Amino acid sequence: LNIRILEFDEEKKGIHNDPFIYEADVQVQLISKGQPNPLKNILDENDVVFIMEKLPLEKEETSHVEEPQCEETAISDLSTGENVGPLALPVGRARQLIGLYTMAHNPNMTHLKIHHPVTALPPLWVRCDSSDPEGTCWLGAELVTTNSIAGIVLYTVSCKADKTYSVNLEDLKSSHKKRHHLSIVTTRGFAQYELFKSTALDDTLAASQTTITLDISWSPVDEILQSPPLSSTAALNLKVESGEPRGPLNHLQRELKFLLVLADGLRTGVSEWPEPLEVKSAVELVQEFLNDLNKLDEFGDSTKKDTEIVKHDSAAVDRSIECLFTVRGDLDFAEQLWFKMSGSVVSYQDLVKCFTLIIQSLQRGDIQPWLHSGSNSLLSKLIHQSYHGTMDTVTLSGTIPVKMLLEIGLDKLKKDFISFFIGEFLSQLKKLKSTSQSSEYFITPSVDIQEQVYRVQKLHHILEILVSCMLFIKPQHELLFALTQSCIKYYRQNPLDEQHVFQLPVRPAAVKNLYQSEKPQKWKVEISGGQKKVKTVWQLSDSAPVDHLSFHKPDVSELTLNGSLEERIFFTNLVTCSQVHFK
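Below, the structure is looked at part by part. If you're wondering where the values come from, they're calculated on a predicted model, not measured in any experiment.

**Structural notes on the overall build of the protein**
1) Next: From N to C terminus, the protein includes 18 helices and 13 strands.
2) Next: Here the protein, with 583 residues, has 48% of them falling under the buried criterion.
3) Next: For the protein, restricting intrachain contacts to residue pairs at least 6 apart in sequence, the fraction spanning at least 24 positions comes to 69%.

Below you can see the structure in the form of structure tokens.
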């Protein structure tokens, strides 16, 4: 076993790849640091580990063709055609595998004729089927090393689901003292509160993956399910998926999607145009817009009209946030053009016809539109030239019309995002300056246009995170600024990742109203006696912490009318361990 795992470890070099098969019934997978770890919900495990589990039936058949299987059995096992997820091994088989791993590292096992010293391998964890009375769901082994392998810590994890639970903190402490021959133990508590989780609004609109949780830890623990004291250490965890249906950024999300359509079209030559939001065609809207400009003495009235429309659509949003996320009241000509065309263009021909109308109006001098300074777009260049009565000839063919609208959209969205940061942090000029400097990476026009689009996507995700926090947490201003800086720092160094969990340290006193009257979704106590790896852990959670076992969950008919606490299913985990010294 050790030789096979060692070869696998050398081959993979820590990369999260496909598992390899061990014997006839087991597969082994190396989980790298930072990769999704199935032990995370129990032990906060995040280092490199080996996971052993039962080999799926189809792989077992492929690997051992010489072992024919009854046709009826094969059909009954595979007829559902569903992905059943990871599979567990019988507890007895798991103990055998842990034993082999232990003996392979034990220098006292000279009769096995293993060449020592053996390379210390990552911990090994085996999925178990809870077939024993204790309900064992994991067995684990982790080496104890100094200059050499000095011993091993063996873990047992049990899991049970029930409507009630009975456990006493003093009993857990006494058991740990007796098991490890200790006179004094320390306790550390952990609680996780679910502050927000997106749900489906109806059958046609799926829930987003947005979640906001609060993690709190403290020491010592006075009793089971103790409410965390204000002296605890706390952190907010935010995972935000763009496009949260209850958020106020729907108009910006729609504009960003259209921007991505244009960017894809510029790159591939093919555009999948979205359904229009406007009843009138893009050409009609642009022609009306140009006619209005030709008649109006002041350009500002047109801007006001668009702003009022979006405010009406956002009426349900809290007023303190609404003012930040409605369309800006200072839209220039190009930005208003984007606003109209992004909701109505449905073909390449629309682009050509619209820009033809605009260029002809500029050439005739029918309009002299106002623009913000700082734009490098082709349309801005033509408008500035029209002020002096001379304009370059532009051939509206190939990718030029697509690029012209893409440039306008980029300029508009960049100003939207920077406008938010200025509006939110204007009262703190020193911080505003540092934020603006940090934001330069996201708005610079000195990189390729596709890279500009990618960075605007990052900026939009930052805004989604901040808005979610403002809507559902209502944090203090200092906390919001710290979150902004954390997000900006992350996205200056990392690719776009909407699955990333942003973590922000907070003072429990600042968020006590969010959790003190709530029940945690997870509560845990860890008992130890000085050695970090030797511990007892008891955990209560409202969701299954193990993904390879099925637990009975009551349907709606089994719950009381008000969904009372007594009728909920609780999941309890107990982690115990023993240490074996080799020398």
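**Let's talk about the pattern of salt bridges**
1) Next: Throughout the structure, instances matching the rule amount to 14 salt bridges.
2) Next: Across the salt bridge formed by Asp547 and Arg127, the nearest N and O atoms sit 2.6 Å from each other. One end of the pair, Asp547, is in the loop between β12 (535–541) and β13 (570–581); the other, Arg127, is in strand β4 (residues 124–127), with 420 residues separating them in the sequence.
3) Next: Here Arg127 falls in the buried class, since its relative accessible area comes to 5%.
4) Next: The salt bridge partner of Asp392 is Lys381, with a shortest N-O separation of 3.6 Å. Of this pair, Asp392 sits in the loop between α13 (378–386) and α14 (400–425) while Lys381 is found in helix α13, placing the two residues 11 residues apart along the sequence.
5) Next: Judged by relative accessible area, which is 40%, Asp392 ranks as partly exposed.
6) Next: Several salt bridges share partner residues, and in doing so they unite Glu23, Asp25 and Arg93 into one network.

**What to know about the side chain of Arg127**
1) Next: A polar atom in the side chain of Arg127 sits 2.6 Å from the side chain of Asp547.
2) Next: Within the structure, the side chain of Arg127 is placed 2.9 Å from the side chain of His548, a separation counted as a polar contact.
3) Next: Among residues more than four places away in sequence, those in contact with Arg127 are Pro38, Ile51, Met52, Glu53, Pro86, Leu87, Ala88, Leu89, Cys137, Trp138, Asp547 and His548.

**A few points about the side chain of Asn237**
1) Next: Locating Asn237 in the fold gives a position in strand β9 (residues 233–239).
2) Next: The buried category is assigned to Asn237, whose relative accessible area is 9%.
3) Next: Here the side chain of Asn237 touches Asp215 through a polar contact of 2.9 Å, side chain to side chain.
4) Next: At a separation of 2.8 Å, a polar atom in the side chain of Asn237 contacts the side chain of Gln503.
5) Next: Setting aside anything within four residues of it in sequence, one finds Asn237 in contact with Thr211, Ile212, Thr213, Asp215, Val501, Phe502 and Gln503.

**Concerning the packing of helix α8 (residues 282–295) against helix α12 (residues 348–364)**
1) Next: Where α8 contacts α12, the axes come no closer than 9 Å and their chain directions differ by 15°. The angle between α8 and α12 falls in the class roughly parallel. Crossing of α8 over α12 shows right-handed handedness. Of the residues in α12, those touching α8 at Ala282, Val283, Val286, Gln287 and Leu290 are Asp350, Lys353, Cys354, Leu357, Ile358 and Ser361.

**As for the environment of Tyr441**
1) Next: Locating Tyr441 in the fold gives a position in helix α15 (residues 429–443).
2) Next: For Tyr441, a relative accessible area of 16% gives the class buried.
3) Next: Put simply, Tyr441 and Tyr491 are 50 residues apart on the chain and 9.5 Å apart in space, counted from C-alpha to C-alpha.
4) Next: Aside from chain neighbours lying at most four places away, what touches Tyr441 is Glu451, Arg455, Lys458, Tyr491 and Arg492.
5) Next: Polar contacts involving the side chain of Tyr441 include one to the side chain of Lys458, which spans 3.0 Å.

**A word on the packing of aromatic side chains**
1) Next: Counted according to the given criterion, the structure contains 15 aromatic pairs.
2) Next: On the numbers, 5.2 Å between centres and 80° between planes, the contact of Tyr490 with Phe502 is edge-to-face. With a gap of 12 residues between them, Tyr490 in helix α17 (residues 477–493) and Phe502 in strand β10 (residues 502–506) connect regions that are remote in the sequence.
3) Next: Tyr490 sits in the buried class, given a relative accessible area of 17%.
4) Next: Aromatic ring contacts, followed pair by pair, group Tyr165, Trp218, Trp523, Trp538 and Phe570 into a single cluster.

Thresholds applied
- Residues numbered from 1 in each chain as written.
- Predicted model: local features only at pLDDT ≥ 70, side-chain atom pairs only at ≥ 80, totals over all residues.
- Heavy atoms only, no water.
- Helix = DSSP H or I, 4+ residues; strand = E, 2+ residues; numbered from the N terminus.
- Buried < 20%, exposed > 50% of the residue type's maximum accessible area, 1.4 Å probe, protein only.
- Contact = heavy atoms within 4.5 Å.
- Salt bridge = Lys/Arg side-chain N within 4 Å of Asp/Glu carboxyl O.
- Polar contact = N/O pair within 3.5 Å; in protein donor to acceptor, adjacent residues only side chain to side chain.
- Axes fitted to C-alpha atoms, helices over the stretch in contact; angles between N-to-C directions.
- Parallel < 35°, antiparallel > 145°, perpendicular 65-115°, else oblique.
- Left-handed = near helix turned anticlockwise from the far one by under 90°.
- Phe/Tyr/Trp six-rings, centres within 6.5 Å; stacked < 30°, edge-to-face > 60°.

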